[in-house]
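Geometric and topological summary
Chain by chain, the residues run as shown.
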Amino acid sequence: MKKYSVNDCYIFDLPKIQDNRGNLTFVEGENHIPFEIKRIYYLYDVPSGSERGAHAHKELFQVMIPIAGSFDITLDDGNEKKTFQLNRPNKPLFICPKMWRQLSNFSSGSVCLVLASDRYTEDDYIRDYDSFKKIINKT
Ligand code: TYD
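Throughout what follows, the structure given in this document is the object of discussion. None of these values were measured; they are calculated from a predicted model.

1. Here's the deal with the packing of aromatic side chains
Two measures describe an aromatic ring pair: the distance that separates the ring centres and the angle between the ring planes. Considering all chains together, one arrives at 12 aromatic pairs under this definition. The interplanar angle of 40° and the centroid separation of 5.0 Å between the aromatic rings of Tyr 10 and Phe 94 together place this pair among those described as tilted. Of this pair, Tyr 10 sits in strand 1 (residues 10–11) while Phe 94 sits in strand 9 (residues 93–95), placing them 84 residues apart in sequence. Seen in terms of ring centroids, Tyr 120 and Tyr 125 are 5.8 Å apart; in terms of plane orientation they differ by 65°. Their pairing is edge-to-face. Given the relative accessible area of 49%, Tyr 120 is considered partly exposed.

2. Comments concerning the side chain of Asp 124
As for its position among the elements, Asp 124 is in the loop between strand 11 (111–116) and strand 12 (125–126). Despite being buried, Asp 124 has no salt bridge partner; Arg 39 is the closest side chain of opposite charge, sitting 6.4 Å away. A polar contact is formed between the side chain of Asp 124 and the side chain of His 57, at a distance of 3.0 Å. Apart from the residues within four sequence positions on either side, Asp 124 is in contact with Ala 56, His 57, Lys 58, Glu 59 and Leu 60.

Definitions and cut-offs
- Residues numbered from 1 in each chain as written.
- Predicted model: local features only at pLDDT ≥ 70, side-chain atom pairs only at ≥ 80, totals over all residues.
- Heavy atoms only, no water.
- Phe/Tyr/Trp six-rings, centres within 6.5 Å; stacked < 30°, edge-to-face > 60°.
- Helix = DSSP H or I, 4+ residues; strand = E, 2+ residues; numbered from the N terminus.
- Buried < 20%, exposed > 50% of the residue type's maximum accessible area, 1.4 Å probe, protein only.
- Lys, Arg positive; Asp, Glu negative; His and termini not counted.
- Salt bridge = Lys/Arg side-chain N within 4 Å of Asp/Glu carboxyl O.
- Polar contact = N/O pair within 3.5 Å; in protein donor to acceptor, adjacent residues only side chain to side chain.
- Contact = heavy atoms within 4.5 Å.

Just distances and angles here, no functional claims.
Structure, rendered in structure tokens:
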């Protein structure tokens, strides 16, 4: 099983069509996203000071897009932590499997759109940090 590092996760550029009437960004499956998109979900109405995440996924790849507002995503691969500031709708974050993540500092009205490589299954979650460390050390 491949061992991923926080350095395998990165912010990248989506196309941006700039226009005086407002900007437009688009996402094409199998073109801009390095996996087949099987699910889309979004976080919104996040109360001020609230944090999301606090888990890792065993197999899931994700792209998180700050469709509105801004927030921070801290990734932890079990050895190293890295915080990404997401604040432009055309600059999403690609996240590999087995990254413990914490989403914080949500601005008012922010929306996090998530593209995922598979459908929802609780079996793919690691929700306990000690279990996460054990799994990481085994790979
Ligand atoms: P969770 O992934 O823990 O949220 P976050 O990482 O944003 O803090 O999901 C919260 C709840 O929603 C949890 O009970 C599982 C459920 N859920 C689904 O039913 N389907 C989904 O696609 C997702 C992402 C979550």
